[in-house]
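# Coordinate analysis (summary)
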Amino acid sequence: MKITFRRFRDEDLLYLFERCTRDKGVMLNESVPLSSIRQFSAYFYDRLNRVYHDFFVVSDDESKLGYVYSFDYRIYDLNGRMFVSADRCHLDILISAAQKLFEEYPLKKIFCWVRQDDTEMRKAAERISAKLEAVLREYIYADGKYLDVFVYGISREDVVDER
């Protein structure tokens, strides 16, 4: 199975809206009511222009698997953040996304934010030697409750073989 990363295109908007509606979560974990595609569209394009550095839709040979975005890329310390939302293949997507960002940018470390209820992504981060850097207690409010966010630090040597 081959996982591909494709930059966001306008035709992906409905897919992203349906994912966010299904997952009862919003990108960047902001408490924003998005009950229609029109509201979501305004929200998403604003974030695409002002917040997200890269935004990829992830697919395999059969279907779309999720999305990955990077943000807060800081040239002064070579750190950045990324968020990954996936239905399956969590480990492969996380490794591939980190490798892609390390190859494209001179990053030292990527901080991957993972919601408390995303146990598969937490397991994936722990399997690639990512270090748990912080736990943000009750950081987001989703689906009627407060959730912690786990911040994993992924170093270049965790995912890139530079031999």
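Above: the structure in question.
Let me begin by describing the structure that accompanies this report.

The rules behind the values
Residues numbered from 1 in each chain as written. Predicted model: local features only at pLDDT ≥ 70, side-chain atom pairs only at ≥ 80, totals over all residues. Heavy atoms only, no water. Pairing = 2+ DSSP bridges. Helix = DSSP H or I, 4+ residues; strand = E, 2+ residues; numbered from the N terminus. Core = buried A, V, L, I, M, F, W, Y, C linked by side-chain atoms within 4.5 Å. Buried < 20%, exposed > 50% of the residue type's maximum accessible area, 1.4 Å probe, protein only. Contact = heavy atoms within 4.5 Å. Axes fitted to C-alpha atoms, helices over the stretch in contact; angles between N-to-C directions.

## Considering the pairing of strand E3 (residues 64-74)
In this sheet, E3 lies alongside strand E2 (residues 52-59) in antiparallel orientation, the contact comprising 7 bridges. For Asp54, the partnering residue across the bridge sits in E3 and is Ser70. Counted between consecutive antiparallel strands, the loop separating E2 from E3 contains 4 residues. Pairing geometry for E3 and strand E4 (residues 79-86), over 7 bridges, is antiparallel. Bridge pairing in E4 places Phe71 opposite Arg81. In this structure, the hairpin formed by E3 and E4 is closed by a connection of 4 residues, where Leu78 is found at a positive phi of approximately 60°.

## Some thoughts on the nonpolar core
Phe5, Val68, Met82, Ile93, Leu94, Phe102 and Ile154 are the most contacted members of the largest nonpolar core, which has 32 residues in total. Of all elements in the fold, only E2, E3, E4, helix H3 (90-104), strand E5 (109-115), helix H4 (119-127) and strand E7 (145-155) reach the threshold of two or more residues within this core. Per element, the largest residue contribution to this core is 7 residues, and it comes from H3. In contact with Phe102, other than residues within four places in its own chain, are Leu107, Lys108, Lys109, Ile110, Ile154, Ser155, Arg156, Val159 and Val160. Counting residues in hydrophobic clusters, the runner-up holds 17 residues, among them Phe8, Leu16, Tyr67 and Phe83.

## Looking at the sheet that holds strand E6 (residues 131-142)
Spatial ordering of the open sheet is given by E1-E2-E3-E4-E5-E7-E6, a layout of 7 strands whose pairing is mixed. Each end of this open sheet is capped by a strand with a single partner; those strands are strand E1 (4-7) and E6. On average, each strand axis in the sheet is tilted by 25° relative to the strand beside it, whichever way the strands run. Alignment of E6 against E7, held across 8 bridges, turns out to be antiparallel. Across the sheet, Ala142 pairs through a bridge with Lys145, a residue of E7.

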